[in-house]
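Analysis of the macromolecular model
The chain contents come next:
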Amino acid sequence: MTKHTSDPGTPPWHGFDPDRAFAALGSSPSGLSTDEAEQRLQAHGPNRLPARRKTPPLLRLLAQFNNLLIYVLLAAAAITAALGDWVDTSVIVGVVVINAVIGFIQEGKAEKALDAIRQLLSHSAAVRRDGRRITLPAEQLVPGDVVFLQSGDKVPADLRLFSVKDLRIDEATLTGESVPVEKAVGSVAADAPIGDRSGMAYSGTLVTYGQGSGVVVATGQHTEIGRISAMLGQIEPLTTPLLQQIGRFSRWLTAAIGAVAAATFTYGVAVQGQAPREMFMAAVGLAVAAIPEGLPAIITITLAIGVQRMARRNAIIRRLPAVETLGSVTVICSDKTGTLTRNEMTVQAVATAEGLFEVTGTGYAPRGAFLLDGREMEPDAQPLLRALAQAALLCNDADLIQAEERWSLHGDPTEGALLALGMKAGLAPALLREELPRTDVIPFESEHRFMATLHHDHAGHGFVYLKGAPERVLDMCSRQRLHGEDMPLDPAYWAGVMDALAGRGQRLLALAFKAADAGQDSLRFSDVEQGLTLLGLVGISDPPREEAVAAVARCRAAGIRVKMITGDHAATARAIGVQMSIGDGRETLTGQDLEGLSDELLRRKAMQVDVFARASPEHKLRLVAALQAEGGVVAMTGDGVNDAPALKRANVGIAMGQKGTEVAKESAEMVLADDNFASIAHAVEEGRTVYDNIRKSLLFILPTNAGQALTIVAATAMGFMLPITPVQILWVNMVTAVTLALALAFEPAEPMVMRRPPRAPDEALLSPFLLWRLAFVSIILVAGTFGLFLWEWERGHEADIAYARTMAVNTLVMFEVFYLLTARYFTDSVLSVPGLTGNRYILLSIIAVLLLQLLFTYNGQMQQLFDTRPLGLRDWAWILLVSPSVFVLVELEKWLLRRAMRKGAARPNANPQSRL
Ligand code: ATP
């Protein structure tokens with residue numbers, strides 16, 4: 001257990017009783033005023049932990065030099081210097097430095113982009129200011145503020161608790177103890193260790209159950225967590241499995257290239273009898289040409305761009321590897337309420353033992369009428385309806401506020417709908433709450449699916465009101481209200497009502513009540529387990545989100561199964577499922593059904609069935625496990641505290657940004673800013689695009705590296721002079737790394753990205769298809785570059801090899817330009833307006849590279865540094881004749897491939913796209 005670490009000046013708040021704490025902080029249970037809070041904010045500073053200590057820029061810059069290629073280059077620079085070749089030395093050193101600076105800037109940008117997205121996840125706190133309960137960004141809390149906690153919250157500052165209701169807090173971040181501790185308001189010994197300070201709630205810990213209120217005693221770095229400065233798990237390293245895989249690949253490649261370079265040197269000197277100095281430069285040139293040094297930086301940037309794009313589409317990534325996993329998701333398990341549906345609830349039907357009333361009106365505006373058998377009824381003349389409406393208003397934590405004709409909701413939408421219903425029945429919530437003040441409450445939890453409140457009128461009579469899922473409530477009722485009397489419950493009648501309302505896709509709630517003793521001042525589960533009188537049922541409509549319906553269809557086209565897992569009634573879930581094309585409209589499984597299934601059977605059912613109703617968080621966990629056992633890559637949504645295990649278990653846990661608890665967000669890989677299912681589909685699309693773009697970058701960079709290297713190997717093997725000098729290769733790599741190669745990171749999604757099945761998670765990055773394309777393009781590049789070099793040389797420039805080399809370098813770069821244009825799509829043709837112009841970064845980077853090449857060829861200083869010659873128009877004509885061949889040949893290859901795929905697709909079970 002962590003030892004008490006507070007400095008001697010800090011009072012032991014846990015040892016004080018709450019009143020003393022209030023006095024010491026100059027506050028009271030009704031909180032601070034806004035003015036006072038503002039002053040304190042000036043004095044104490046914002047409630048946040050100091051930013052993590054970043055590696056100093058100089059060290060980060062130096063880290064760029066810690067790379068095998070750089071060592072090779074520096075060795076080469078040392079040797080050229082020793083040989084007195086100062087021009088080459090300075091070019092090599094110049095390139096090394098410029099490369100490091102570029103790497104440094106690129107890395108910094110990627111980090112910044114990700115930091116900015118992490119900022120979006122700052123959390124809020126419920127506080128009492130000026131006597132009113134409001135929600136504030138947690139950063140604005142000051143000592144003395146009164147804060148409310150409820151299950152799912154992350155404690156926003158160190159608090160001395162002064163009221164608790166079954167409050168349990170998970171303090172693992174602070175004490176390492178993973179079992180949540182029960183909180184109380186009493187004082188404990190002044191020297192009690194942190195884990196035993198039951199009167200305190202510490203910043204950064206998680207409320208797993210119940211409710212409570214406390215006064216802020218410390219904020220920011222003065223909190224316990226700030227002091228021990230343990231960072232709260234938000235800082236993730238900038239790496240992913242894919243990045244690591246590529247890192248390993250690069251290292252392996254570098255070693256292999258080193259060996260080949262050494263062999264080339266030995267072969268040239270020993271077998272061909274070339275000058276060691278010449279051969280040394282050739283070996284260095286080979287290493288520089290072949291090592292894809294820009295790759296890791298480009299992939300990091302591609303990931304960062306993907307994360308930014310997802311954030312723009314309301315999906316905030318908390319853990320970077322999720323970007324990759326999203327691309328291979330095969331099953332999405334989604335909540336219903338608010339994610340697939342709009343969460344705009346309206347009561348449309350009320351069923352009592354006296355009849356079924358239809359309720360008119362939409363939204364939260366309390367305007368509408370009650371119809372019985374199509375005829376409008378006066379609610380005043382319906383005492384049972386009024387009694388039900390009274391229960392609906394009292395057993396309720398929401399508020400409806402009118403501002404200029406518009407009604408807005410504060411609180412849970414289900415409860416908002418009940419408030420509107422009560423007001424349509426002619427009741428005034430504020431008045432009623434004054435007449436029958438609340439003495440205690442059992443809050444709603446999706447585990448027990450009901451909420452109950454205890455009230456006393458001013459004459460001392462007590463009442464318990466309860467609302468919840470009908471099956472649950474009916475179990476607690478022995479009677480029902482009918483014509484002013486309590487009659488025995490008629491379960492068959494209610495079962496019929498439930499089927500009828502749920503069949504319309506309505507969400508069901510039952511309302512009940514019971515008398516209580518005048519002296520009863522607390523409400524326990526045992527008080528409501530039996531003996532209640534049922535008032536009736538309400539049917540609440542919550543229409544599907546249109547964009548979610550479209551997103552479900554898109555997911556289906558993308559080979560992804562969508563499953564709905566809801567706490568609602570099976571018939572409601574089924575009806576909504578039909579409206580959204582989830583499931584077959586027949587088979588649903590309820591939580592109870594699930595409990596009866598063995599793991600074996602569940603695995604089969606989990607794949608078959610798409611709608612799961614009355615499911616609780618444990619059922620979600622079992623379902624994820626079953627789907628994964630069947631080979632699924634599962635994305636799962638969740639919002640409650642108890643969803644955390646399922647979110648953690650899922651391959652991509654997705655928390656709701658708006659209605660989700662902090663606990664759910666902490667456990668998730670991704671947070672939806674708008675709680676909308678459509679955003680999940682967008683994130684999957686972006687995830688697939690990121691992966692595509694990484695493969696496209698590989699497919700662009702590797703052949704150009706291989707082309708350069710093979711040109712050198714071929715020249716050496718044939719005993720020719722080098723067609724491109726090492727410093728020229730350095731130049732080519734440097735200019736293309738910051739222009740052409742980077743442009744593919746910005747590539748938008750291919751049109752077919754959501755029409756092909758998910759990628760297998762264990763799929764090799766370089767599939768046989770990619771390896772083939774790599775070899776194909778490399779050969780074109782070598783043949784063209786080397787061919788033109790030879791031709792130019794033999795055509796009369798033998799005396800000046802530099803001329804032929806200038807030609808070779810420009811040919812190589814132009815090859816890259818034309819190859820880039822076609823590299824945008826793997827197999828689709830780019831011969832269309834969007835195909836050629838769809839990514840403006842490509843066009844901009846081509847312009848940039850052309851300007852740089854003109855400089856390289858015609859600028860006097862560059863001519864000196866790189867030993868280049870001014871080419872004539874005729875030379876350019878030749879270059880422009882040869883270099884588009886890569887475009888034509890690759891487009892031709894794609895065309896043949898598409899034709900083969902179409903033929904293949906005619907065969908059953910063929911899945912040509914997934915083989916790419
Ligand atoms: P999802 O579809 O997102 O899983 P849900 O809203 O359908 O969520 P829960 O919130 O667990 O699931 O609700 C389950 C049932 O509990 C509802 O069908 C309703 O009968 C009842 N219920 C919901 N909200 C309340 C509430 N505030 N008070 C009492 N009962 C409620």
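Quick notes on the rules
- Residues numbered from 1 in each chain as written.
- Predicted model: local features only at pLDDT ≥ 70, side-chain atom pairs only at ≥ 80, totals over all residues.
- Heavy atoms only, no water.
- Helix = DSSP H or I, 4+ residues; strand = E, 2+ residues; numbered from the N terminus.
- Contact = heavy atoms within 4.5 Å.
- Areas by Shrake-Rupley, 256 points an atom, 1.4 Å probe, with all protein chains shown as cover.
- Lys, Arg positive; Asp, Glu negative; His and termini not counted.
- Charge placed at Lys NZ, Arg CZ, Asp CG, Glu CD.
- Axes fitted to C-alpha atoms, helices over the stretch in contact; angles between N-to-C directions.
- Parallel < 35°, antiparallel > 145°, perpendicular 65-115°, else oblique.
- Left-handed = near helix turned anticlockwise from the far one by under 90°.
- Nonpolar A, V, L, I, M, F, W, Y, C, P; charged D, E, K, R; others polar.
- Buried < 20%, exposed > 50% of the residue type's maximum accessible area, 1.4 Å probe, protein only.
- Pairing = 2+ DSSP bridges.
- Right-handed = clockwise from strand over helix to strand, strands pointing away.
- Expected span 1.5 Å × (residues − 1).
- Near = heavy atom within 4 Å.
- Polar contact = N/O pair within 3.5 Å; in protein donor to acceptor, adjacent residues only side chain to side chain.
- Phe/Tyr/Trp six-rings, centres within 6.5 Å; stacked < 30°, edge-to-face > 60°.
- Lys NZ or Arg CZ within 6 Å of the ring centre and 35° of its normal.
- 1 Å grid on protein atoms, 1.4 Å probe; cavity = no way out; pocket = protein on both sides within 12 Å on 5 of 7 lines; lining within 4 Å.
- Points joined across faces, edges and corners; volume = space filled by probe spheres on them.
- Domains from an automatic or database assignment.
- Buried area = accessible area lost by both parts, 1.4 Å probe.
- Salt bridge = Lys/Arg side-chain N within 4 Å of Asp/Glu carboxyl O.

**So, the overall build of the protein**
Counting secondary structure elements, the protein contains 34 helices and 28 strands. On the principal axes, the C-alpha backbone points of the protein span a range of 115 × 75 × 55 Å. The long-range share in the protein, meaning contacts at least 24 apart out of those at least 6 apart in sequence, stands at 72%. Split by element, the accessible area of the protein, about 38100 Å² in all, is 57% carbon and sulfur. A gap of 6 Å separates the mean positions of the 85 positive and 95 negative side-chain charges of the protein.

**Describing the packing of helix α25 (residues 677-717) against helix α29 (residues 801-822)**
Axis separation between α25 and α29 bottoms out at 11 Å; the angle between their running directions is 155 degrees. In this view, α25 runs roughly antiparallel relative to α29, as classed from their interaxial angle. For the pair α25 and α29, the crossing hand works out as right-handed. On α29, the residues that touch Leu 699, Phe 700, Pro 703, Thr 704 and Gln 708 of α25 are Leu 812, Glu 816, Tyr 819 and Leu 820. Considered class by class, the residues forming the contact of α25 with α29 number six nonpolar, two polar and one charged.

**With respect to the pairing of strand β27 (residues 652-656)**
Each regular strand carries side chains that alternate between the two faces of the sheet. Counting buried residues in β27 gives five out of five residues, a clear majority hidden from the surface. Burial along β27 is two-sided: Val 652, Ile 654 and Met 656 facing one way and Gly 653 and Ala 655 facing the other are all buried. Where strand β26 (residues 634-638) and β27 come together, four bridges link them in parallel fashion. From the neighbouring strand, Ala 635 faces β27, where its bridge partner is Val 652. In this region the chain leaves β26, passes through helix α23 (residues 644-649) and returns to the parallel neighbour β27; the handedness of that crossover is right-handed.

**Let's talk about helix α9 (residues 276-290)**
An α-helical segment advances 3.6 residues per turn. Residues three or four places apart therefore align on the same side. Over its 15 residues, α9 runs 21 Å from end to end, which matches the ideal 21 Å to within 8%, given 1.5 Å per residue. Within α9, 11 of the 15 residues are buried, which leaves it mostly tucked inside the rest of the structure. Along α9, the residues classified as buried are Met 279, Met 281, Ala 282, Ala 283, Val 284, Gly 285, Leu 286, Ala 287, Val 288, Ala 289 and Ala 290.

**Side note on the site of the ligand**
Among the 21 residues in the neighbourhood of the ligand, the closest are listed as Thr 337, Arg 507, Leu 508, Thr 566 and Asp 568. A distance of 3.0 Å separates a nitrogen atom of the ligand from a polar atom in the side chain of Asp 412. One nitrogen or oxygen atom from the side chain of Lys 467 is found 3.1 Å from a nitrogen atom belonging to the ligand. Within the complex, 92% of the 620 Å² of free accessible area of the ligand lies under protein.

**Comments concerning the packing of aromatic side chains**
To describe a pair of aromatic rings, one takes the distance between the centres and the angle between the planes. All told, the structure shown has 14 aromatic pairs when counted by the stated rule. Cluster of aromatic residues (ring-pair linked, three or more members): Phe 463, Tyr 465 and Phe 513. Geometry around Tyr 691 places Arg 759 over its ring, the cationic atom sitting 3.5 Å from the centre. Over the aromatic face of Tyr 841 sits the side chain of Arg 840, whose NZ or CZ is 5.1 Å from the ring centroid.

**Remarks on empty space enclosed by the protein**
Per the stated rule, a full pass over the model turns up two cavities of 30 Å³ or more. Put simply, the largest cavity is a space of about 160 Å³. Along its surface, the largest cavity is lined by 16 residues, and Ile 701, Asn 705, Asn 733, Thr 736 and Ala 737 are the ones closest to its centre. At the level of elements, α10 (295-312), α25 and α26 (726-738) are the ones that each hand at least two residues to the lining of the largest cavity. Residue contributions to the lining of the largest cavity peak at five residues, all from α25. Within the lining of the largest cavity, the residues separate by chemical class into eight nonpolar, six polar and two charged.

**A short note on the domain arrangement of the protein**
Each assigned domain of the protein is listed here: domain 1 (13-52 + 117-234), domain 2 (57-110), domain 3 (253-311 + 683-753 + 762-915), domain 4 (315-341 + 546-675) and domain 5 (348-541). Between domain 4 and domain 5, the buried area comes to about 1100 Å², and carbon and sulfur atoms account for 46% of it. Three residues stand out in domain 4 for area buried against domain 5, namely His 569, Thr 572 and Arg 614, and they jointly supply 43% of the buried area on that side. Linking domain 4 to domain 5 there are two salt bridges.

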